[in-house]
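Letter by letter, the chains look like this.
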Amino acid sequence: MVTVKTNSKIGMSQSQSSIPINLIRQWCYCPRVVYYRELTNINTKYPTWVSQGEEFHELERKRWRRRNLSRFQLKSGKIHYSMNLRDSELGLHGIVDMAIETDFDIFPVEYKLSARSKKRGDIFQLTAYSMLLAKQLSKSSPRGFLVGSGKILHSIAITNELRNSVISVANQIQEMLFRGRKPDTSATVHQCCNCEYLNFCNDRF
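The structure contained in this document is the topic of the report that follows. (Residues numbered from 1 in each chain as written. Predicted model: local features only at pLDDT ≥ 70, side-chain atom pairs only at ≥ 80, totals over all residues. Heavy atoms only, no water.)

### Focus: the overall build of the protein
- If you tally the helices and strands in the protein, you get six helices and six strands.
- Secondary structure elements of the protein occur, N-terminal to C-terminal, as β-α-α-α-β-β-β-α-β-β-α-α.
- Burial analysis of the protein (205 residues in total) assigns 47% to the buried set.
- Counting every atom, the protein has about 11400 Å² of accessible surface; 48% of that belongs to carbon and sulfur. (Helix = DSSP H or I, 4+ residues; strand = E, 2+ residues; numbered from the N terminus. Buried < 20%, exposed > 50% of the residue type's maximum accessible area, 1.4 Å probe, protein only. Areas by Shrake-Rupley, 256 points an atom, 1.4 Å probe, with all protein chains shown as cover.)

This is the structure we're talking about:
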């Protein structure tokens, strides 16, 4: 039986809630991950790759203190690390790994150990940071970067289609948190086998 947290958003006005941006990535992986993490008291042991990702974040942050911006095809810019972002109008908040600020633009940068391929959740997360950075600094944010291990770097054009998709997902998350209903999932066998909540999905294999 799933127990709902007493501090959940159920019963609150949807307009009062703010969605952590990392939930957008998790929702794209499987909406039920967001449900279990936000609305239940289930304690799980996170997979090994979670701690590996945290170590990769710290390593990349140290590395970029010794690098220039040529890898991003930028001549100059100011680097911000772990920027806190929040926008009440968009109803989103989060901490971007890195942001590169030039005279007219601001570019979000996310470190992803699994960035060998460009995942939809990672791109949506990057887009959300781009949207908040643009509003917070009143600058254009035409693209962002996903940095992986080795020489992996993806330049992502931040389009209106991506921005609209982010808003759509954020609204879906907000609705789920407000209603408190476990959502359906289209997760694959591989995704389920790598999920710490597999044992709680009684309609899965």
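### Details of the pattern of salt bridges
- Counted under the stated rule, the structure contains seven salt bridges.
- Here Asp122 ties to Lys112 by a salt bridge, and the two come within 4.0 Å at their closest N and O atoms. Note that Asp122 is positioned in helix α4 (residues 120-137) and Lys112 in the loop between β4 (106-111) and α4, a separation of ten residues in sequence. Like Lys112, Asp122 is buried. (Salt bridge = Lys/Arg side-chain N within 4 Å of Asp/Glu carboxyl O.)

### Some thoughts on the side chain of Glu196
- Within the secondary structure, Glu196 sits in the segment after α6 (189-193).
- Taking relative accessible area as the criterion, Glu196 reaches 14% and is therefore assigned buried.
- Of the polar contacts made by the side chain of Glu196, one reaches the side chain of Arg37; its length is 2.5 Å. (Polar contact = N/O pair within 3.5 Å; in protein donor to acceptor, adjacent residues only side chain to side chain.)

### A look at the packing of α4 against helix α5 (residues 160-179)
- Closest axis-to-axis distance for the α4/α5 pair is 9 Å, and the angle between their directions is 100 degrees. Here α5 runs roughly perpendicular to α4, going by the angle between their axes. Packed against α4, whose contacting residues are Ile123, Phe124, Thr127, Ala128 and Met131, the element α5 presents Leu162, Arg163, Ser165, Val166, Ile167 and Val169 at the interface.
- A breakdown of the residues in the contact of α4 with α5 according to their chemical character gives eight nonpolar, two polar and one charged. (Axes fitted to C-alpha atoms, helices over the stretch in contact; angles between N-to-C directions. Parallel < 35°, antiparallel > 145°, perpendicular 65-115°, else oblique. Contact = heavy atoms within 4.5 Å. Nonpolar A, V, L, I, M, F, W, Y, C, P; charged D, E, K, R; others polar.)

### Regarding the packing of aromatic side chains
- One pass over the full model with this rule turns up five aromatic pairs.
- A ring pair is formed by Tyr35 and Tyr36, whose centres lie 5.5 Å apart and whose planes are at 70 degrees; its orientation type is edge-to-face.
- With relative accessibility at 1%, the residue Tyr36 sits in the buried group.
- By the ring-pair criterion, three or more aromatic residues cluster together here, those being Tyr35, Tyr36, Tyr197 and Phe200. (Phe/Tyr/Trp six-rings, centres within 6.5 Å; stacked < 30°, edge-to-face > 60°.)

### Quick look at the pairing of strand β5 (residues 143-147)
- Most of β5 is tucked away: four of the five residues are buried.
- In the sheet, β4 pairs with β5 via three bridges, with the strands oriented parallel. From the neighbouring strand, Glu110 faces β5, where its bridge partner is Leu146.
- Bridge analysis of β5 against strand β6 (residues 153-157) gives five bridges, and the strand direction is antiparallel. Paired with Arg143 across the two strands is Ala157, which belongs to β6.
- The hairpin turn running from β5 into β6, its antiparallel successor, is five residues long, and Gly150 in that turn takes a positive phi close to 70 degrees. (Pairing = 2+ DSSP bridges.)

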